[in-house]
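# A look at the structure
Letter by letter, the chains look like this.
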Amino acid sequence: MRDQPLSLLDITQMDLSRHEFAFLSACETAVGVPTTPDEVIHLAAGLQFAGVKSVVGTLWKVNDATVQRLVEAFYKNLCWRWQNDSRRAAQCAAPSGPFIGSRQRHALDQRIVFMHIGA
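The model shown is predicted, which means the values in this text are computed figures rather than measured ones.

Attention shifts here to the overall build of the chain. Within the chain, the secondary structure is distributed over five helices and three strands. In sequence order, the secondary structure elements of the chain are arranged as α-β-α-β-α-α-α-β. Of all 119 residues assigned to the chain, the portion counted as buried reaches 35%. Considering only contacts in the chain between residues 6 or more positions apart, those separated by 24 or more positions represent 74%. A total accessible area of about 7700 Å² is found for the chain, and carbon and sulfur atoms account for 55% of it.

Right, dumping it as structure tokens:
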């Protein structure tokens, strides 16, 4: 992988089953390619196909400053009381979840950008 780009196919063929959780905060990591709308493969799904049990990705472009605050709050809530439990990822990523913070500070499209797949 040092001498060539890492493709989604490469990722799906890896064994990542020992990994419990992945958080993809870059833009559109849970969106497929527009030229193949019938296929539901995207980076977040590829990681799950490779064995990652719980994956959070983004559905569209997100403001960098906003996502920084949301991710910090997400991890604070996920690792609450030093209990890093990836099974809580869906609850922490929910738009109505406690990690979102003040609704006045974040536009609706920025609060609901995250999607969780997996366990």
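This next bit is on the sheet that holds strand β2 (residues 54-58). What the three strands build is an open sheet, ordered β1-β2-β3; its pairing is mixed. The open sheet terminates on both sides in strands that have one partner only, identified here as β1 (21-23) and β3 (114-118). Neighbour-to-neighbour, the strand axes of the sheet open up by a mean angle of 15 degrees, direction not taken into account. Pairing geometry for β1 and β2, over three bridges, is parallel. Bridging across to β2, Phe21 finds its partner in Ser54. In the packing of helix α3 (residues 64-78) onto the sheet, contacts are made with β1, β2 and β3, and the angle to β1 comes to roughly 160 degrees.

What counts and what doesn't
- Residues numbered from 1 in each chain as written.
- Predicted model: local features only at pLDDT ≥ 70, side-chain atom pairs only at ≥ 80, totals over all residues.
- Heavy atoms only, no water.
- Helix = DSSP H or I, 4+ residues; strand = E, 2+ residues; numbered from the N terminus.
- Buried < 20%, exposed > 50% of the residue type's maximum accessible area, 1.4 Å probe, protein only.
- Contact = heavy atoms within 4.5 Å.
- Areas by Shrake-Rupley, 256 points an atom, 1.4 Å probe, with all protein chains shown as cover.
- Pairing = 2+ DSSP bridges.
- Axes fitted to C-alpha atoms, helices over the stretch in contact; angles between N-to-C directions.

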